[in-house]
Amino acid sequence: MIKPLGDRVVIEALEKEEVTKSGIVLPDTVKEKPQEGKIVAVGTGKVLDNGQRIALDVKAGDKVIFSKYAGTEVKIDGKEYLILSERDILAIVE
Amino acid sequence: MIKPLGDRVVIEALEKEEVTKSGIVLPDTVKEKPQEGKIVAVGTGKVLDNGQRIALDVKAGDKVIFSKYAGTEVKIDGKEYLILSERDILAIVE
Amino acid sequence: MIKPLGDRVVIEALEKEEVTKSGIVLPDTVKEKPQEGKIVAVGTGKVLDNGQRIALDVKAGDKVIFSKYAGTEVKIDGKEYLILSERDILAIVE
Amino acid sequence: MIKPLGDRVVIEALEKEEVTKSGIVLPDTVKEKPQEGKIVAVGTGKVLDNGQRIALDVKAGDKVIFSKYAGTEVKIDGKEYLILSERDILAIVE
Amino acid sequence: MIKPLGDRVVIEALEKEEVTKSGIVLPDTVKEKPQEGKIVAVGTGKVLDNGQRIALDVKAGDKVIFSKYAGTEVKIDGKEYLILSERDILAIVE
Amino acid sequence: MIKPLGDRVVIEALEKEEVTKSGIVLPDTVKEKPQEGKIVAVGTGKVLDNGQRIALDVKAGDKVIFSKYAGTEVKIDGKEYLILSERDILAIVE
Amino acid sequence: MIKPLGDRVVIEALEKEEVTKSGIVLPDTVKEKPQEGKIVAVGTGKVLDNGQRIALDVKAGDKVIFSKYAGTEVKIDGKEYLILSERDILAIVE
């Protein structure tokens, strides 16, 4: 199990099958980095300057849109995840 | 449905038909990026250093002017939106 | 009507007829950008870190000097305005 | 009349007649920018993060030393002034 | 014994035997820097702006994932450790 | 008299006669900038974000070591001084 | 005697005799800058934004590891010391 620290979340990126308008499936290196993902785990929140800990606005299971290229890619048990700060999450998609 | 986080808003850009003085309609790549849009959804507000959450000054439906190139373009259900922070909104137009 | 957000103001720049010492009227592209203007509208003020909102020190109608190149130019109903933050206003001229 | 905003002051630069050691009076473009001036007007002070407004430590009439190149030059009624922040004033000379 | 200061931790990097897909064991200079490690010692925590000291969220013995290239390598009693700030730790792996 | 503002101090640099190991006295342009000086005057202290003014830890007469190249050189009554912030003073030498 | 200001400390670097694996003693210019030292004197601590002064976590006599290249080298009574901020000290070695 992976427990992100502070205001970080662990995200499983949602790959879209990328087909160009001319119908060609793009190989992996040409595809844009995914901007959507599902939250797998959330941290306990950031500590403010007054010592108060602020819970995150997202929770495990949320489908989110995040900034391209944000965060750090990690591989856990052979599976790739992205760890990023809540401030790099733009919105929840419902 | 899309729910922006923190002080972010989702904006639907208002395209203006761009006609130069000589009467030529400009193709898409030459047009300036839109500076006006309609707010579609707003976040729950930014958390201050004292833990207080500040509601946004704009609301869904507001027509706003925003900084060129600010924010991130996203496509939801085939439609393009812009997600940006409230601080990139310059003014409400009524 | 245009309502600037936060500590922003809307300014109508005051153009001076620019005549060089040798008496030649300069065309528009050579003139310096105006540094003076009249405030048309003011925001509701900036929110401090303690949640308090601070009203602006300037009001509609004030003639002000502002930093060259500060702010964003917008066109509303065919007329050009400048939207800038109060911190870019140097002084009120009376 | 000119009323600077916040922690800004309006300064009238004190020109020194600049004579090099070899006795040649330097033309204007070669002289160093003045570092001394007399305060003509002061702002109402900066607002701290707790909402408190702090009066300036300088007042109109003070002769001050300020950082070279700091501030913005403005011309009011044909006379040149410098508008700068109090933090660019190094010391009061008495 | 080594006692890190503030919000710093001492980490013993966990080396993975790095074998490429073609089966060749990579020499040390080609391997990626380790991203996983075990915490050996933690500081007493960072002092906030209000004077409060915040204990760390990690403890000695925790297996953690940290940002590549973060921190400073030190050698104590001939053994290599990494000293880094808690903010460079992304997550605890359990 | 010169009264520095805020957390600034006025320093009279202590020149050391600089003799190289080979016995040659170095001309002025080759010598390192002095790092030691005597405090001539101190400001009334910096105002914190809570409005409290903090008196300086140094006083007139203190012999101090300061960061090379820090501060601004000024000439008062034909004598050279250095005005710098207290944060550029490293230590008091007794 | 030397009294560092604020959160600064005076450190006496601990030189290690540097012998390469092939047995050659390296001359001074090739050796790495020392990363270990003994604290000779500590400041009275940093003043927080709320006016509170925070004592340092290190004391004279502590053997510490510090960031390479941090701080300023000074020579007092012919002996070389390093003055650096407590935040550049990574850990205490006991």
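Per an unreviewed UniProt entry, the recorded name for chain A is Co-chaperonin GroES, and the organism is Methylomusa anaerophila. Recorded in UniProt for chain A, the comment headed Subunit (unreviewed entry) runs: "Heptamer of 7 subunits arranged in a ring. Interacts with the chaperonin GroEL." Taken from UniProt, the Subcellular location (unreviewed entry) comment for chain A reads in full: "Cytoplasm".

Draft legend 1. Examining the relation of the copies chain A and chain E more closely. Mapping chain A onto chain E leaves a residual RMSD of 0.0 Å; the transformation is a rotation of 51° accompanied by 0.0 Å of translation along its axis. Mapped onto chain E, only 16% of the interface residues of chain A are again interface residues, and the two copies thus contact each other with different surfaces.

Draft legend 2. Seen up close, the interface of chain F and chain G. The interface of chain F with chain G comprises 17 residues on the first partner and 19 residues on the second. Both faces combined, the contact of chain F with chain G buries some 1,500 Å², and carbon together with sulfur accounts for 53% of it. It is D57(F), L90(F) and E94(F) in chain F that bury the most area against chain G; as a group they hold 36% of the surface buried on that side. Where chain F meets chain G, there are 2 salt bridges.

Draft legend 3. Structural view of the sheet that holds strand β8 (residues 79-85) of chain C. In space, the 7 strands of this open sheet follow the order β7(C)-β8(C)-β2(C)-β3(C)-β6(C)-β9(C)-β1(D), with antiparallel pairing throughout. Because the sheet does not close on itself, it has two edges, and the strands there are β7 (72-76) of chain C together with β1 (2-4) of chain D. Neighbour-to-neighbour, the strand axes of the sheet open up by a mean angle of 40°, direction not taken into account. Looking at chain direction, strand β6 (residues 63-66) of chain C and strand β9 (residues 89-93) of chain C are connected through 4 bridges and run antiparallel.

Draft legend 4. Just the environment of R87(E), in detail. In this fold, R87(E) is placed in the loop between β8 (79-85) and β9 (89-93). Distance in space between the C-alpha atoms of R87(E) and S67(E) is 9.3 Å, their sequence separation being 20 residues. Leaving out residues up to four positions away in the same chain, R87(E) has contacts with R8(A) and D7(E).

Reading guide: rules and limits
- Residues numbered from 1 in each chain as written.
- Chains lettered and ligands numbered in written order.
- Predicted model: local features only at pLDDT ≥ 70, side-chain atom pairs only at ≥ 80, totals over all residues.
- Heavy atoms only, no water.
- UniProt positions renumbered as here; feature names shortened; annotations may be inferred.
- Least-squares fit on C-alpha atoms with pLDDT ≥ 70 in both.
- Contact = heavy atoms within 4.5 Å.
- Buried area = accessible area lost by both parts, 1.4 Å probe.
- Salt bridge = Lys/Arg side-chain N within 4 Å of Asp/Glu carboxyl O.
- Pairing = 2+ DSSP bridges.
- Helix = DSSP H or I, 4+ residues; strand = E, 2+ residues; numbered from the N terminus.
- Axes fitted to C-alpha atoms, helices over the stretch in contact; angles between N-to-C directions.

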